[in-house]
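Coordinate analysis (summary)
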Amino acid sequence: MTEPESGALDTFLGSGRRRGRSHLLSLLLLAVAAVAAVLLLVRFVSGTDSPYYTALVERGDVTPLISERGTVHGSGEVVLAAALDGTVSAEGVPAGGRVEEGQVLATIDAEPLRSTLAADRSLVSAAEADVAAAQASRDEAAARLGRFEDVWRRSGHRVPAINELESARSAVDRATREVSAAQARLSAARSSLKADSETLAAAVVRAPFAGFVVDRNIRNGQRVRAGMRLFTLAASDETLEVEVPLAKAGNAEIGAGTVARIRLDAMPDDVQQATLARVLVDRADAPGSRRAAFTLENPAETVRPGMAATVEIVLPPRKGVMLVPDAALTFEPENSADRSRARIYLVSPDGEPRRVYVSIGAGDGKRTEVVANDLKPGDEVIIGWRTPPAR
C-alpha cells in the first residue's frame, strides 16, 4: 500500500472511532435522563418519605377578611317568652315571616295548669263559704251582745252579770277577727285564681303588634320551660341591621365607616352593602367579647328582619407579618387533640413535628397572621397528613 493510501485509511479509522465515542456518550446521556425521569415519576406517584404535607412560613402582607354568620334585625324588637312549662305546638311562622297583631304564634300545652285552676276555684268557693259562716257567727254574737247591753241598761246595770257581758263582747271580737281572716283567705284564693287564669291565657302566644319574626327558637312538639325565649319580633323594617361577633378580628381596629358585604341566604346572588353602626363590648352573656352592628344601605324591598345572612368584613391591610396557611392551625399529630392554646407544628431536623405555640391575628381565608418568638420565614410548617395514621 502506498503512503497516501495508508494515511487515508488512518484518517477513516480515526473518524469512525470518534463517531463511536460520540454515539456512546449520547446513549449514556439518554440512559441518565431516563433514570431521572423514572425517579421523578416514582417520587410524584409515591410522594416523599415524610407522612406530612408541608408549606413554608412566609413574611408578607395580608388583607384580612372576616366572614361571620348573622341575622337581619329590625326596629322595636321584643322578646316573647314562655309563661309556663309545657309542650309547645308552634304555628308555621318562620324567621323572616310577617305577622299581624294578635296572630297566634304558638300554643303551650297547659293541661296541668287546668287542673290547678280547678283546685283554685275550689279554694275560692271554700273561702267564700268560710267568709259567709264567719259573718253569720259575727252577726249572731253581735245580736247576743246587743240584747245583753239592752237588758244591762234597762236593769240599771244590775243584769246580766259583768262577766257575762264581757264574755259576749269577747265573742264579738273573736268573730270579727275570724271574718277578717276568712276574707284574707278569700282574697289570696282569688289572686291565685286570677294569676293562674292569666298564665293559662298566656299559654296561647300571640303577636303583640304587626311586624316580623326576627328569631324563632322553638320547634313543634318541643318541651319548654317558663321564661324560655320563644320568639323575637321586630315592629318595623325601616332600619335593618346585622350583628356579628368580632372574635376573628383579633385586635384589629374597626372604625366608623367600615363597609361590609351582606349575602342573604334567601338571595345569595344579591350582595347588600352595609356600614358599621357601632361596636358592642362586654355583653352580659359574653364578657370581653366584641360584636359589630352593621346598618344595611338601601336594602332591597325583599329584605326582611329575621333573614339569615353572611357578613364579609374587609379589615385594614397588615404589612410585613408572619403568615401560615390556615390548615397549619388545625393540624394535630397522632394522639393529640388539645386545642386550649393555639399552636402550629414545624418539621424538626429529625422529621418529627415540633409544637410551637402562637398568637393568632387576622387572616384572608387562606393565610393567617401568627406571632411566636421562635418562628422565622422559611420554616417548614405541617399543614396535613400525607399518610394518615392507622385508626
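The structure contained in this document is the topic of the report that follows. All figures in this text were calculated on a predicted structure; none of them were measured in a lab.

This part covers the pattern of salt bridges. Applying the stated criterion across every chain yields a total of 20 salt bridges. Arg153 is paired through a salt bridge with Asp150; the nearest N and O atoms lie 3.7 Å apart. On the criterion of helical spacing, the pair formed by Arg153 and Asp150 is a turn pair, its members being three residues apart in helix α2 (residues 111–154). Judged by its relative accessible area of 30%, Asp150 is partly exposed. Residues Glu166 and Arg169 are paired through a salt bridge, measuring 3.0 Å at the closest nitrogen-oxygen approach. Of the two residues, Glu166 and Arg169 are both situated in helix α3 (residues 162–202); the distance of three residues between them amounts to about one turn of the helix. Take Arg169: its relative accessible area is 29%, and that puts it in the partly exposed class. What emerges from the salt-bridge pattern is a single network uniting Glu58, Asp364 and Arg367.

The next point concerns the side chain of Ser236. Assignment of secondary structure puts Ser236 in strand β10 (residues 229–245). At 3.0 Å, the side chain of Ser236 forms a polar contact with the backbone nitrogen of Glu238. Here Ser236 is in contact with Gly74, Ser75, Phe212 and Pro305, once residues within four sequence places are set aside.

Further remarks concern the packing of aromatic side chains. Under the defined criterion, the tally for this structure stands at four aromatic pairs. On the basis of an interplanar angle of 85° and a centroid distance of 5.8 Å, the ring pair of Tyr52 and Phe331 is categorised as edge-to-face. Taken as a pair, Tyr52 in strand β1 (residues 52–56) and Phe331 in the loop between β15 (318–325) and β16 (343–347) lie far apart in primary sequence, 279 residues in all. You'll find Tyr52 and Phe331 in the same group, each marked buried. Consider the rings of Tyr52 and Trp385, whose centres lie 5.1 Å apart with planes at 45°: the pair is tilted. Taken as a pair, Tyr52 in strand β1 and Trp385 in strand β20 (residues 380–385) lie far apart in primary sequence, 333 residues in all. Each residue in the set Tyr52, Phe331, Tyr345 and Trp385 is aromatic and connected to the rest through ring pairs, giving one cluster. Above the face of the Tyr357 ring, Arg341 is positioned so that its terminal group lies 3.8 Å from the ring centre.

About the criteria used
Residues numbered from 1 in each chain as written. Predicted model: local features only at pLDDT ≥ 70, side-chain atom pairs only at ≥ 80, totals over all residues. Heavy atoms only, no water. Salt bridge = Lys/Arg side-chain N within 4 Å of Asp/Glu carboxyl O. Helix = DSSP H or I, 4+ residues; strand = E, 2+ residues; numbered from the N terminus. Buried < 20%, exposed > 50% of the residue type's maximum accessible area, 1.4 Å probe, protein only. Polar contact = N/O pair within 3.5 Å; in protein donor to acceptor, adjacent residues only side chain to side chain. Contact = heavy atoms within 4.5 Å. Phe/Tyr/Trp six-rings, centres within 6.5 Å; stacked < 30°, edge-to-face > 60°. Lys NZ or Arg CZ within 6 Å of the ring centre and 35° of its normal.

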